[in-house]
Amino acid sequence: MADTLTPVLTADWADEQSWKLATYERNGGYRALRTALRMAPDDIITAVKDSGLRGRGGAGFPTGMKWGFIPQDNPNPKYLVVNADESEPGTCKDIPLMMASPHTLVEGVVISSFAIRANRAFIYIRGEVVHVVRRVQAAVAEAYAAGHLGRNIHGSGYDLDVVVHAGAGAYICGEETALLEGLEGRRGQPRLRPPFPAVAGLYASPTVINNVESIASVPSIVGNGAEWFASMGTEKSKGFGIFSLSGHVANPGQYEAPLGVTLRTLIDLAGGVRHGHELKFWTPGGSSTPILTAEHLDVPLDFEAVAGAGSMLGTRALQIFDETTCVVRSVLRWTEFYKHESCGKCTPCREGTYWLVQVLTKLENGTGQEKDLGVLLDQCDNILGRAFCALGDGATSPITSSIEYFRDEYLQHLTNGGCPFDPVASTLFAAEGAR
Amino acid sequence: MTSAEIEKTDLVTLTIDGVQISVPAGTLVIRAAEQIGVQVPRFCDHPLLDPVGACRQCLVDVPDAGNGRPMPKPQASCTIPVAEGMVVNTQATSQVADKAQHGIMEFLLINHPLDCPMCDKGGECPLQNQAMSNGYGESRFSASGGVKRTFPKPINISAQILLDRERCILCARCTRFSEQIAGDPFIEMVERGALQQVGIYEKEPFESYFSGNTIQICPVGALTSADYRFRSRPYDLVSTPSIAEHDACGAAVRVDHRRGRVMRRLSGDDPDVNEEWITDKDRFAFWYLFGDDRLSYPQIREDGELRPASWPEAFAVAARGLADAGAVGVLPGGRLTAEDAFAYSTFARVALGTNDVDFRARPHSQEEADFLAAEVVLRTDDNGGPTYADLEAANSVILVGLEPEDEAGSIFLRLRKANSKRRTRIWSVAPYATNGLHKMGGTLIPARPGAEASVVNGLTHDTDVELDSASVILVGERMATSPGALTAVARLARTSGAKLAWVPRRAGDRGAVETGCLPNLLPGGRPVTDASARVDAATAWGVAGLPDRPGRDADAIIAAVGSGDLGGLVVGGVDPDDTADPAAFRAALDAAKFVVALELRQTDVTRVADVVFPVAPVTDKPGTFVNWEGRAREFPAVFVNPNALPDARVLAGVAEELSALGQGAALGFRTSGEAHARMVEMGPWDGERTSLPEPAASSSSAVVGGDGEVALATWKLLLDNGTMQDGEKYLRATARTPVCRVSAAVAQTLGAMVTLEGDRGSVTLPVEVTDDLADDVVWVPANSTGNGVLADLASPGSGVRLKGADQ
């Protein structure tokens, strides 16, 4: 069973001082960089295209194709921006990766920048995780000292400077154009597209924005070949990815496996659902992806199959909830998050999340009415696809999916005159067998 | 290719609600829909602002994006350009679009206070209107006990502008206007989610001459003015289109009034002139009309005191007085309508038989009169004069002695637009680079006051400054007293092929030039020195002949009164402190045997005049302002007010009495309409115009210096102590703090405050270091302190001494 795991990005996480350059190089780090610097940049783009790597930030856009959109005849400088603003509820893959193995990211940044012919790259890290900012800063400094960054890298004539930027703590800055606004020193609010960042991104110049895990996957593709990468995963979702299991499992954590692995396998790897309990519902890719239930345990976790099950693979943030959890309460919590994080630019997201919280609160407290469920669904219909960016869309996912699967539980709150669950029972400190 | 062909190839054909339409490429769907008569509801969209797509009210369904594929979700029609073969279904034909719009409207209203009954915007509110047309009748939010987000009621974002955050729907029109149009990004969105709000900076006030436009484009009642808040209901108001009287831009305004009072003024929509923007002065400065000092009946002086008189008595007394006083000079001032200016011009020639008439109640020169006759009068779009459109399309623009942000707001906005949209290069010949110049992306060509001529002459050899037929040169009023400057500018225009315009400060200045309120010009640009022009004018007026020598200019009129060569004065709207030498002007008023004043309000002129006629303000008469382009801007009367007659009617009355006494003839018209008809009938002069004489060998050695004196540079700020801004304390509170600008080196010797000493007095002001100001130049605002620089300090361009105020 353990051989379903394919530790590549996470391979060295358990090593002594895994974040140090020496450790990384001892394990073969920065070899791919030397290979890459001898390649033609377009060949690297082709290799990434051939590998079938799709964006690991959630949307799954083919990475190589994104790089190919950069107009090389544009006289402006090209930029690589790494989206390390990991804020999606449940998602915990980029931050552990940057903590445990920041050089995997840095090496990926150099190769990717070389491929798109950028001489300046930015790593935009969520501001709250100061420890991660420090660690990536230290890794970048080490890489400069070792000649992996700076002028004339390893005699190739290629120059690259990397800027580590700490965000100011807004979920919206995970949206790529809002991130660019933030990076330019403005308020984090999404930009109107077109123009797309590939044409006019950072400082109105051609810009590639990739997720941490996407960039960190690049050295292994260059080092081992596109076929090696493409041999893993499923037909349209190739390669491996980090699956972050959290919540009611025995051993929560990051499990790196080929795309297409099932939750059943992953829960087994994680030691099963919390002892004495059973799976009630789960998110495949963070709170912005519609929830799934135990009937979806055998859905292959790749982009197509999860979409087929009515959800999205997203960031592979598998939050596991057992039967002690009140779905209404969970959805309310998430919705409160979206209300708090809505940037305010567009009406449906700003006003919609504000209203959703009020309706959900009443339902959770048992003071709502059955018709409120209809109102909720109608509000979600008025937000989904009407908002300026995907934040608003994501806010509706937990609501519509939870009503689909747990409508009775919502109604139970009304007949019960309040939440029928003991919130303590779902906590980790609850006594074994609490209901 | 003909232009029609080019146009044709640029057209894109699409189908909206089943109707096929062809529109220019790049047109936004929301505007293409307007052309088939479908109004898609919208808030953040504004045709003069960049698309933002924030409010999402204008969602439409796009079943075919032009590539055969449908757009998966409703699209904001204010952000997507049309595409060939595109199919769009608006709320008129699409359930999806209609529901999406209703949904957005419902969201917009949940946190809106719905206090329409007490809101200034109620009755003319896009939110109110579109909630009725595209929203639900019932609120599910309040029906289910929803709790609105609340804020304390209005907060000041400037002295004039109030923000009610509860009403705000966060469309960002105001912040985008301030950033994109005015260039004063002092308001910005702060906070996020439902708490997002328009905010100001802690230490940077919302200091913008155009701030009132944000109120007008606010689609809800979130922005109101301290001046108009709670004053009236839109449906109680009567609207009359008019033209702004505060500068020479000719900006279209809308006067909203109720029962004989102006309640507010809004910008008109005139794409050729001011687009949809006006300055705060045009918007808020109308309370001077209603001050306690407004004159409402004629007065005559008897035993040293003014007493009320009937109109016929006053006409008779004025005529007798003028007839007895001997030779009379006429000073009409620069604020008249063209019709009234024509009346003064006619009155001087026909009734008084003199060319001693000059509208320039400000520092002026013979060179300026020659320049106006040779280069300005009759110059319009039709014969090579520049227009606003030319400014926008120009490759480069040179400003000489003109500060558009202070002196001509519409020009400022148009130049800023040209620079930001088309990268038009802008240069300014001025003592320092003002903030306004920075906002226009302009470059300074430094010139000490009085030395502009040599700087302008040097431009011919400046390789950086490229001038061609797609360039425009704008020269400001203050160049009148800079020796040789106007001549140099005219020469530069001739040699480069650039279009040239003179931009005066007052609304009536250009009209006064056109109607001959100058000692060297008759109406229609007829030169006094041209015999056939005189015959032409005399025939039109029906008089035997006209004086054949140019008359005295305003300075000479003042001097001649002092010396006794002139006995009488007819004075229009002249503020003594605006004149080149206020003390001399006052002395002349005292020395004159007989003074007839035509005024709106009590002034230092009416206080000493022998006959005082109240005249109609712009609201009480129809008229025409001729703007800097030479464009005639006609406007109707807003009110019918029998108490105040137009200047033309008063002068006609006096002229009729004079002719009864055997002097001169009647004017031939009485009303503004008749004056206008006579003016049109007389028409423009089609003969030779005078050419600009070369100035006497450069007298620029008169530049001051030595003895620790520095040259005084000055002009009026948009908002200052001008009497037409009286009565509006909120507007006045948004005026810039007066400062004295000096170079860094000079500032070091001064301390925080400086006292300027000139030959007419001294002024003390805070010191502000200004980088590119020369060490021997100092700048102060012309009318922001005391009685103004001309009365209290010295003549512009002359030498003043600086002293640290605490030294």
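Residues numbered from 1 in each chain as written. Chains lettered and ligands numbered in written order. Predicted model: local features only at pLDDT ≥ 70, side-chain atom pairs only at ≥ 80, totals over all residues. Heavy atoms only, no water.

Caption draft 1: Structural view of the overall build of chain A. The secondary structure content of chain A amounts to 17 helices and nine strands. Relative to the globule expectation of 22 Å for 435 residues, the C-alpha radius of gyration of chain A, 22 Å, shows essentially globular dimensions. Over its C-alpha atoms, taken along the principal directions, chain A stretches across nearly 75 × 45 × 40 Å. Relative to its full complement of 435 residues, chain A shows a buried share of 61%. Within chain A, contacts between residues separated by at least 24 positions form 70% of all contacts whose residues are at least 6 apart in sequence. As presented, chain A carries roughly 15900 Å² of accessible surface, and 52% of it is formed by carbon and sulfur atoms. (Helix = DSSP H or I, 4+ residues; strand = E, 2+ residues; numbered from the N terminus. Rg over C-alpha atoms; globule rule 2.2 N^0.38 Å. Buried < 20%, exposed > 50% of the residue type's maximum accessible area, 1.4 Å probe, protein only. Contact = heavy atoms within 4.5 Å. Areas by Shrake-Rupley, 256 points an atom, 1.4 Å probe, with all protein chains shown as cover.)

Caption draft 2: Region of interest: the side chain of A:Thr289. All names here are of chain A. Topologically, Thr289 is positioned in the loop between β7 (279-283) and β8 (292-293). Thr289 sits in the buried class, given a relative accessible area of 3%. A polar contact is formed between the side chain of Thr289 and the backbone oxygen of Gly286, at a distance of 2.7 Å. Excluding residues within four positions of it along the chain, Thr289 makes contact with Thr283, Pro284, Ser311, Met312, Gly314 and Ser397. (Polar contact = N/O pair within 3.5 Å; in protein donor to acceptor, adjacent residues only side chain to side chain.)

Caption draft 3: Inspection of the domain arrangement of chain B at higher detail. Domains assigned within chain B are domain 1 (3-107), domain 2 (144-290), domain 3 (309-359 + 510-682), domain 4 (366-504) and domain 5 (703-804). Here domain 1 of chain B and domain 4 of chain B have C-alpha centroids that lie 41 Å from each other. (Domains from an automatic or database assignment.)

Caption draft 4: Local environment of the pattern of salt bridges. All names here are of chain B. Scanning the entire structure with this criterion turns up 79 salt bridges over all chains. Arg31 is paired through a salt bridge with Asp45; the nearest N and O atoms lie 2.8 Å apart. Linking Arg31 in helix α2 (residues 29-35) with Asp45 in the loop between α2 and β3 (59-64), this pair joins segments that are 14 residues apart in sequence. Its salt-bridge partner being Lys417, residue Glu275 comes within 2.5 Å of it at the nearest N-O pair. (Salt bridge = Lys/Arg side-chain N within 4 Å of Asp/Glu carboxyl O.)

Caption draft 5: Just the pairing of strand β33 (residues 777-781) of chain B, in detail. Residue and element names in this part refer to chain B. Among the five residues that make up β33, five are buried, leaving the element largely enclosed by the rest of the structure. Burial along β33 is two-sided: the residues Val777, Trp779 and Pro781 and Val778 and Val780 are all buried. Across five bridges, strand β29 (residues 709-715) lies against β33 in parallel orientation. Considered in β33, the bridge of Ala711 is made with Val777. (Pairing = 2+ DSSP bridges.)

Caption draft 6: Here's a closer look at unusual backbone geometry. Residues and elements named next belong to chain A. Of the consecutive residues Arg193 and Pro194, the connecting peptide bond is found in the cis state with omega at -10°. Relative to the helices and strands, Pro194 is located in the loop between α8 (176-183) and α9 (197-200). For Arg316, which is not a glycine, the phi torsion comes out positive at approximately 55°. Relative to the assigned elements, Arg316 resides in the loop between α13 (303-308) and β9 (317-322).

Caption draft 7: Representation of the nonpolar core in the model. Of all hydrophobic cores here, the largest spans 99 residues; its most connected members are B:Ile411 and B:Leu474. If we skip the residues at most four places from it in the chain, B:Leu474 touches B:Leu391, B:Ile398, B:Leu399, B:Val400, B:Leu402, B:Ile411, B:Ala501, B:Val503 and B:Trp628. (Core = buried A, V, L, I, M, F, W, Y, C linked by side-chain atoms within 4.5 Å.)

Caption draft 8: The arrangement of the sheet that holds β3(B) in detail. All names here are of chain B. Taken in spatial order, the five strands make up an open sheet running β2-β1-β5-β3-β4, and their pairing is mixed. Looking along the sheet, the strands with just one partner apiece sit at the ends: β2 (19-24) and β4 (75-76). Note: β3 against strand β5 (residues 87-89), two bridges, orientation antiparallel. Looking at β5, one finds that Asp64 is bridged to Val87. Sheet contacts for helix α3 (residues 95-110): β3 and β5; angle to β3, the most-contacted strand, approximately 155°. (Axes fitted to C-alpha atoms, helices over the stretch in contact; angles between N-to-C directions.)

Caption draft 9: Local environment of helix α3 (residues 41-51) of chain A. Residues and elements named next belong to chain A. Within α3, the full set of buried residues consists of Pro41, Ile44, Ile45, Ala47, Val48 and Ser51. Projected down its long axis, α3 shows its buried positions confined to an angular sector of 160°, all on one face. If you follow the buried residues of α3, they end up packed against α2 (31-37), α4 (63-68), α6 (102-116), α10 (212-224) and α11 (226-230). A positive phi of about 80° marks Gly52, the residue just after α3. (Arc of directions from axis to C-beta.)

Caption draft 10: The arrangement of the environment of B:Phe286 in detail. All names here are of chain B. Looking at the secondary structure, you find Phe286 in the loop between α8 (280-284) and β14 (299-302). We classify Phe286 as buried; its relative accessible area is 1%. Residues Phe286 and Met263, 23 residues apart in the sequence, show an inter-C-alpha distance of 9.1 Å. When near neighbours in sequence (up to four residues on either side) are disregarded, Phe286 contacts Asp227, Val262, Met263, Arg264 and Arg265.

Caption draft 11: Region of the structure containing the interface of chain A and chain B. On the side of chain B, 38 residues touch chain A, which itself brings 32 residues to the contact. When chain A packs against chain B, the two sides together hide about 2900 Å² of surface, and 51% of this comes from carbon and sulfur. Here B:Lys99 ties to A:Asp381 by a salt bridge, and the two come within 2.6 Å at their closest N and O atoms. Our count for the chain A to chain B interface comes out at 22 residue pairs in polar contact (both at pLDDT 80 or more). Here the element with the most residues in the side of chain A that touches chain B is helix α15 (residues 347-365) of chain A; it accounts for nine residues. Along the lines of polarity and charge, the residues of the side of chain A that touches chain B split into 11 nonpolar, 11 polar and 10 charged. (Buried area = accessible area lost by both parts, 1.4 Å probe. Nonpolar A, V, L, I, M, F, W, Y, C, P; charged D, E, K, R; others polar.)

Caption draft 12: Broad picture of the side chain of A:Thr6. Residue and element names in this part refer to chain A. Within the element layout of this structure, Thr6 appears in the segment before α1 (21-26). Looking at Thr6, the relative accessible area reads 16%, which means it is buried. With residues near it in sequence (within four places) discarded, Thr6 still touches Met232, Phe240, Glu256, Ala257 and Pro258.

Caption draft 13: Fine view of the sheet that holds strand β1 (residues 79-84) of chain A. All names here are of chain A. Read across the sheet, four strands follow the order β3-β2-β1-β4 without closing on themselves; strand pairing throughout is parallel. Looking at strand neighbours, the two that pair on one side only are β3 (161-166) and β4 (207-211), the edges of this open sheet. The mean angle between the axes of side-by-side strands here comes to 20°, regardless of whether they run parallel or antiparallel. Pairing of strand β2 (residues 120-125) with β3, which is carried by six bridges, proceeds in the parallel orientation. In the sheet register, Ala121 faces β3, and the bridge partner there is Val162. The sheet contacts of α10 involve β1 and β4, and relative to β4 the element is tilted by about 95°.

Caption draft 14: Layout of the packing of α15(A) against helix α17 (residues 390-416) of chain A. Residue and element names in this part refer to chain A. At a minimum axis separation of 12 Å, α15 and α17 run at an interaxial angle of 15°. As judged from the angle between their axes, α15 and α17 are roughly parallel. Pair α15 / α17 crosses with left-handed handedness. Facing Cys349, Thr353, Leu356, Leu360, Leu363 and Glu364 of α15, the residues of α17 in contact are Leu391, Gly392, Ala395, Ile399, Tyr410, His413 and Leu414. (Parallel < 35°, antiparallel > 145°, perpendicular 65-115°, else oblique. Left-handed = near helix turned anticlockwise from the far one by under 90°.)

Caption draft 15: Structural view of the packing of aromatic side chains. Scanning all chains against the criterion turns up 30 aromatic pairs over all chains. Their ring planes at 65° and their centres at 5.8 Å tell us that A:Tyr79 and A:Phe122 sit as a pair that is edge-to-face. Of this pair, A:Tyr79 sits in strand β1 while A:Phe122 is found in strand β2, placing the two residues 43 residues apart along the sequence. Like A:Tyr79, the residue A:Phe122 is buried in the burial classification. Grouping aromatic residues by their ring pairs yields a cluster made of A:Phe281, A:Phe321, A:Trp334 and A:Phe406. When the ring centre of A:Phe388 is taken as reference, the NZ or CZ atom of A:Lys345 above it lies at 4.6 Å. The ring of B:Tyr209 has B:Arg736 lying over it, and the distance from NZ or CZ to the ring centre is 3.9 Å. (Phe/Tyr/Trp six-rings, centres within 6.5 Å; stacked < 30°, edge-to-face > 60°. Lys NZ or Arg CZ within 6 Å of the ring centre and 35° of its normal.)

Caption draft 16: Broad picture of the packing of α6(A) against α10(A). All names here are of chain A. Contact geometry for α6 and α10: axes closest at 7 Å, N-to-C directions at 75°. Comparing the axis directions of α6 and α10 gives the class roughly perpendicular. Side by side, α6 and α10 meet where Thr104, Leu105, Glu107, Gly108, Val109, Ile111 and Ser112 of the first sit next to Val212, Ile215, Ala216, Val218, Pro219 and Val222 of the second.

Caption draft 17: Structural detail: the environment of B:Arg379. Residue and element names in this part refer to chain B. Relative to the elements of secondary structure, Arg379 occurs in the loop between α11 (366-376) and α12 (388-393). Here Arg379 falls in the partly exposed class, since its relative accessible area comes to 22%. For Arg379 and Gly525, which are 146 residues apart along the polypeptide, the C-alpha to C-alpha distance reads 9.7 Å. With residues up to four places along the chain from it excluded, the contact list for Arg379 reads Ala374, Gly384, Gly385, Arg510, Glu629, Gly630 and Arg689.

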